[in-house]
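Reading the structure
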Amino acid sequence: MKRSLPALVLLLALTGCGSGGHPPRPSPPVAATGSPAGLPRPDHVVIVIFENKAYEQIAGNAAAPYLNGLAARAAVFTDAHAVTHPSQPNYLALFSGSTHGVTDDSCPVRLTGQPSLARQLLDAGLSFGGYSEDLPAAGYRGCSQGGYAAKHNPWADFDNVPAAANQPLTALPGDNARLPTVSVIVPNICNDMHDCSVSNGDAWARAHLDGYLRWADSHNSLLLVTFDEDDDGPANHIFTVAAGPMVRPGSYPEPVDHFRLLRTVEALYGLAPLGQAARTTPVTDVWW
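Here's a quick rundown of the structure. Source: prediction; values computed, not measured. (Residues numbered from 1 in each chain as written. Predicted model: local features only at pLDDT ≥ 70, side-chain atom pairs only at ≥ 80, totals over all residues. Heavy atoms only, no water.)

**Describing the overall build of the protein**
Going by this rule: Put simply, DSSP marks the helices as runs of H or I at least four residues long and the strands as runs of E at least two long, and each gets a number from the N terminus on. Burial classes follow relative accessibility: with a 1.4 Å probe on protein chains only, a residue under 20% of its type's maximum area counts as buried, one over 50% as exposed, and anything between as partly exposed. Any two residues whose heavy atoms approach within 4.5 Å at even a single point are treated as in contact. Note on areas: these come from Shrake-Rupley sampling with a 1.4 Å probe, and a residue is covered only by the protein chains present in the view.
Of regular secondary structure, the protein possesses six helices and ten strands. Burial analysis of the protein (288 residues in total) assigns 59% to the buried set. Pairs at least 24 residues apart make up 81% of the contacts formed inside the protein by residues separated by at least 6 positions. A total accessible area of about 10,400 Å² is found for the protein, and carbon and sulfur atoms account for 54% of it.

Rendered as structure tokens:
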């Protein structure tokens, strides 16, 4: 039975650059590892991360008509929270199951031989692509350029993730069938709502996500939208949604954080959970 959905809700976004030092939230619920039966195996997953807006600044906000329209046909996680403040450790948590001791947005971060979702996928014969708006060139590992900020690009921190996986948004395939198994898309610091308005980010979402979502409906593909953190508040309550043909739309009040999102993506492809993702369970109740 479909669950009721709040009148207006929204997509997944995962960004933010608040000012420092809040302690990490405990990850929801501890459980045994392993890939549960009955999970879908999407042909593609696209994860989009926005920045620094609380759940209440997106859900029901007339300035975000596209994201709220998306939420109306998505699984909306109403108790989703970032792991900590500021931005950078949250990106690392979602990408690798650990903040690696990073507590600020300083650059560069250089991690040697550390596991990550990208490395897992590649080692399993699958594929990964990270697409950052305004990244000046494929493989770029500098700290900033125009609207690009390395603190929002965790795959650039890992020495065992190929440079070819670190791409500008302009390299996103025009043919969705050519997308990697898992793609992570990060808008620039205006379009992710960090430096600009909710309405600006919502317009970007419509322009860049709607075509993929319409295609995904008939191509066994999944869209996840989340935020890296809220507006530096103690609750760190963020808007997070999942949409696609395998998703049962509705409002889901279960606890979700970046570690649990990672655990869920890993479980979809039978990958072992990394770091703190092993201390939680994949989301299993939103699938048809």
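The structure having been displayed, the exposition proceeds.
**Observations regarding helix α6 (residues 258–268)**
As a reminder, the rule being used: Polar contact is defined as a pair of N or O atoms within 3.5 Å, subject to the rule that within protein one atom must be able to donate a hydrogen and the other to accept it, and that residues adjacent in sequence are counted only when both atoms are side-chain atoms.
Taking burial as the measure, the eleven residues of α6 include eleven buried ones, the bulk of the element. Buried residues of α6: His-258, Phe-259, Arg-260, Leu-261, Leu-262, Arg-263, Thr-264, Val-265, Glu-266, Ala-267 and Leu-268, and no others. At its buried positions, α6 is contacted by β1 (44–50), α3 (87–96), α4 (117–123), β7 (182–186), β8 (221–227) and β10 (250–256). Two or three places before Phe-259, at the start of α6, stands the capping residue Asp-257, its side-chain oxygen 3.1 Å from that residue's backbone nitrogen. Phi turns positive, to about 70°, at Gly-270, one or two residues after α6.

**Side note on the nonpolar core**
One broad trend across soluble globular proteins is that nonpolar side chains are buried collectively. For the record, the criterion: The term nonpolar core refers to a set of buried residues drawn from Ala, Val, Leu, Ile, Met, Phe, Trp, Tyr and Cys, joined through side-chain atoms within 4.5 Å.
Counting 78 residues, the largest nonpolar core has Ile-47, Val-48, Phe-128, Val-182, Leu-222 and Phe-239 as the members making the most contacts within it. A per-element tally of this core places helix α5 (residues 198–216) first, with eight residues. Setting aside chain neighbours within four positions, we find Leu-222 in contact with Pro-42, His-44, Val-45, Val-46, Tyr-212, Ala-242, Ala-243, Met-246, Val-247, Leu-268 and Trp-287.

**A closer look at the sheet that holds strand β3 (residues 128–132)**
Cut-off, in case you're wondering: Whether two strands pair comes down to DSSP finding at least two bridges between them. Here an angle of 0 to 180 degrees is reported between the N-to-C directions of two axes, which are lines fitted to C-alpha atoms, with helices fitted over the stretch in contact.
Here we have eight strands laid out as an open sheet, ordered β6-β3-β7-β1-β8-β9-β2-β10, and mixed in their pairing. Two strands close off the open sheet at either side, each with one partner strand: β6 (166–168) and β10. Neighbouring strand axes in the sheet, compared pairwise and without regard to direction, differ in orientation by 20° on average. Across seven bridges, the pairing between β1 and β8 is parallel. If you follow His-44 over to β8, its bridge partner there is Ser-221.

**Some details on the packing of aromatic side chains**
Stated formally: Classification of ring pairs uses Phe, Tyr and Trp, with its six-membered ring standing for Trp, and accepts pairs whose centres are within 6.5 Å; under 30 degrees between planes counts as stacked, over 60 as edge-to-face, and the remaining range as tilted.
Scanning the model with the defined rule gives ten aromatic pairs in all. Centre to centre, the rings of Phe-128 and Trp-155 are 5.8 Å apart; their planes meet at 65°, and the pair counts as edge-to-face. Taken as a pair, Phe-128 in strand β3 and Trp-155 in the loop between β5 (148–149) and β6 lie far apart in primary sequence, 27 residues in all. Judged by relative accessible area, which is 6%, Phe-128 ranks as buried. An aromatic cluster is built from Phe-95, Phe-128, Trp-155 and Phe-158, whose rings are joined through pairwise contacts.

**Thoughts on the pattern of salt bridges**
Rules: Take a side-chain nitrogen of Lys or Arg and a carboxyl oxygen of Asp or Glu: if they are within 4 Å of each other, that pair is a salt bridge.
A complete count under the given rule lists four salt bridges for this structure. Glu-254 is the salt-bridge partner of Arg-260, the closest N and O atoms lying 2.9 Å from each other. Across this residue pair, the class does not change: Arg-260 and Glu-254 are buried.

**Topic: the pairing of β3**
By the criterion of burial, β3 is predominantly enclosed, with five of the five residues buried. Burial along β3 is two-sided: Phe-128, Gly-130 and Ser-132 facing one way and Gly-129 and Tyr-131 facing the other are all buried. In this structure, β3 lies alongside β7, joined through five bridges in parallel fashion. Within β7, the residue paired with Tyr-131 across the bridge is Ile-185. Judged from the three bridges that link them, β3 and β6 form a sheet pairing that is parallel. Its bridge partner being in β6, Ser-132 is matched across the sheet by Pro-168.

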